Amino acid sequence: MSDKKVIFVAGGAGYIGSHMTRLLLEEGFKPIVFDNLSTGFREFVPKEARFVRGDLRRERDIENALERYRPSAVMHFAAALVVPESVSDPLKYYENNVAAAITLLRAMRRQKVKRIIFSSTAAVYGEPQRIPVREDNPACPVNPYGRSKLMIEAILKDTAYAYPEDFRYISLRYFNVAGAHPAGGIGQKGPQITHLIPNILRAAMGSKKLTVFGKDWPTPDGTCIRDYIHVVDLCQAHLLALKAFDRGVNNEIFNLGSSKGFSVKAMIRAVEQVTGKKVPHRYGPRRPGDPARLIASSKKAREILGWRPRYGLDEIIETAWQWENR
Ligand SMILES: NC(=O)c1ccc[n+]([C@@H]2O[C@H](COP(=O)([O-])OP(=O)(O)OC[C@H]3O[C@@H](n4cnc5c(N)ncnc54)[C@H](O)[C@@H]3O)[C@@H](O)[C@H]2O)c1
């Protein structure tokens, strides 16, 4: 028998997974963090949570953990996620994201774990046809990272169709996740971080000049527009998704974003205002595969999950700034 309170958090030593683990503990769940520490950190896992060092590409590692802890659901954060790297090394992405997800699903089937919440991404949309982007916008990813996530969504759909009584999923398509836990101790870390906010903050700290990729985009100020969502708000949506399974919400996809767009120039100004520091920057060429504008419609998550993001842009920047200054 599975234990309703036990949640298997694949990738729980990473940026988002560690925030999720904290929230699960706060809500009285028993998270089992499963991670190979390829981009995650052992010190991100609270001591109250179980930690299993293992690799999702090794079925034995997963099955042993599922058999031992009998979780009622899996939250699947583990992935490789650097877009330019996915272009130069696509097989790493298909192996670590797609093949590993199949291994995980097979182990779940064998151990009778029936529910999974999957970390998908706005990168599945490519260049969206309509803004704000709804879940029914055609998914045409423009890089192997986005394609790997879309393939996993197709695999989840087919698996749920094949085993309607025994397998259910919710896929959450994140827009730009940012910020850090207000209590400190966890945040975005590592040399390969390509996300905008940490890079603007590092420029504000004087570590290196920011490169803005393109100033000739078809947007009011010529720079790309993105939708930023605080990591704690994002994790709250996972908790709501977990509860939604009990209400019969199954096999659904939800966008998670703030539904507000900010250009790169606006983000630089916002960081300068919050931190009181200048952000040294220069303009480089456009990056291939970057859409001009990505803004989520999160109407579906608000209506069906009852999700209400609480953090605004200033709090996103403030908490990320506290983390960078740790
Ligand atoms: N950060 C964002 O803005 C963003 C946006 C959209 C989607 N996502 C998705 O959210 C998830 C989490 O992203 P993150 O920013 O926390 O990244 P992260 O790199 O900090 O976390 C990923 C974690 O998974 C672990 N991992 C990777 N491959 C593994 C494997 N084969 N076996 C076991 N553990 C493995 C890593 O060690 C790491 O701890 C990813 O699936 C990512 O695609 C993130």
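Residues numbered from 1 in each chain as written. Predicted model: local features only at pLDDT ≥ 70, side-chain atom pairs only at ≥ 80, totals over all residues.

### Regarding the overall build of the protein
Heads up, the rule is: Each helix corresponds to a stretch of at least 4 residues labelled H or I by DSSP, and each strand to a stretch of at least 2 residues labelled E; elements are numbered beginning at the N terminus. Radius of gyration: over C-alpha atoms. The globule rule applied is 2.2 Å multiplied by the number of residues raised to the 0.38 power. Three classes are used. A residue is buried when 20 or more other C-beta atoms lie within 10 Å of its own, exposed when 12 or fewer do, and partly exposed in between, with C-beta atoms placed from the backbone. By the criterion used throughout, residues are in contact when their C-beta atoms, derived from the backbone, lie within 7 Å.
When helices and strands are counted, the protein shows ten helices and 13 strands. Whereas a compact globule of 326 residues would reach a radius of gyration of roughly 20 Å, the protein reaches 19 Å, a difference of no more than 12%. In terms of principal-axis extent, the alpha carbons of the protein reach across some 55 × 40 × 40 Å. A burial count over the protein gives 50% of its 326 residues as buried. Summarising the internal contacts of the protein: among those between residues at least 6 apart in sequence, 78% fall at separations of at least 24.

### Some words on helix H2 (residues 59-69)
The α-helix winds at 3.6 residues per turn, so residues separated by three or four positions along the chain end up facing the same way. Defined as follows: To be clear, the arc concerns the directions from the helix axis to the C-beta atoms.
Residues of H2 that are buried include every one of Ile 62, Ala 65, Leu 66 and Tyr 69, and no others. Each buried residue of H2 lies within a common arc of 95° when the element is viewed along its axis, so the set occupies one face. Of the exposed residues in H2, the ones pointing more than 90 degrees away from its buried face are Arg 60, Glu 67 and Arg 68. In the core, the buried residues of H2 are packed alongside strand E1 (3-10), strand E2 (30-35), strand E3 (50-53), strand E4 (71-76) and helix H4 (90-110). Positioned one or two residues after H2, Arg 70 has a phi angle of 50°, which is positive.

### Some thoughts on the site of the ligand
The line we're drawing: Only the C-beta atom, placed from the backbone, is used; a residue is near a molecule or strand if that atom lies within 6 Å of it.
In the vicinity of the ligand, 27 residues are found, and the nearest of them are Gly 11, Gly 14, Thr 39, Gly 40 and Ala 79. Residue assignment for the shell around the ligand shows that the elements contributing at least two residues are helix H1 (15-26), H4, strand E5 (115-121) and strand E7 (176-178). Ranked by the residues each element gives to the shell around the ligand, the list is headed by H1, at three residues.

### Side note on helix H6 (residues 196-204)
Here H6 lies mainly inside the structure; seven of its nine residues are buried. All of the buried residues in H6 are Leu 196, Ile 197, Pro 198, Ile 200, Leu 201, Ala 203 and Ala 204. Buried residues along H6 sit against E7, strand E8 (210-213), strand E9 (225-226), helix H8 (264-275), strand E13 (281-284) and helix H10 (313-324). In the stretch just after H6, Gly 206 is the one whose phi turns positive, near 90°.

### Brief notes about the domain arrangement of the protein
Test applied: Either an automatic procedure or a domain database provided the assignment from which the domain bounds are taken. Under the scheme applied, nonpolar residues are Ala, Val, Leu, Ile, Met, Phe, Trp, Tyr, Cys and Pro; charged residues are Asp, Glu, Lys and Arg; polar residues are all the others, including Gly.
The domains assigned to the protein are domain 1 (3-177 + 229-256) and domain 2 (179-227 + 259-324). Put simply, the middle of domain 1 and the middle of domain 2, counted by C-alpha atoms, are 23 Å apart. At the junction of the two partners, domain 1 supplies 37 residues and domain 2 supplies 33 residues. Looking at the side of domain 1 that touches domain 2, the elements that each hand over two or more residues are H1, helix H3 (83-88), strand E10 (228-230), helix H7 (231-246) and strand E11 (252-256). The greatest single-element share of the side of domain 1 that touches domain 2, amounting to eight residues, is contributed by H7. Grouping the amino acids of the side of domain 1 that touches domain 2 by side-chain chemistry returns 23 nonpolar, nine polar and five charged.

### With respect to the packing of H4 against helix H5 (residues 144-162)
Counted only if it meets this: Note on geometry: axes are C-alpha line fits, over the in-contact stretch for helices, and angles between N-to-C directions span 0 to 180 degrees. Note on angle classes: values under 35 degrees are labelled roughly parallel, values over 145 roughly antiparallel, values of 65 to 115 roughly perpendicular, and the remainder oblique. Handedness of a crossing follows from how the near helix is turned relative to the far one, being left-handed for an anticlockwise turn of less than a right angle and right-handed for a clockwise one.
Look at H4 against H5: their axes get within 9 Å of each other, and the N-to-C directions meet at 20°. With respect to their mutual orientation, H4 and H5 come out roughly parallel. Considering only the axes of H4 and H5, their crossing is right-handed. The residues of H5 that touch H4, namely those facing Pro 90, Tyr 93, Tyr 94, Asn 97, Val 98, Ala 101, Ile 102 and Leu 105, are Pro 144, Tyr 145, Ser 148, Lys 149, Met 151, Ile 152, Ile 155 and Thr 159.

### Comments concerning the environment of Val 45
Summarising the element assignment, Val 45 is placed in the loop between E2 and E3. Spatially, the C-alpha atom of Val 45 lies 5.7 Å from that of Ala 13, the residues being 32 residues apart in sequence.

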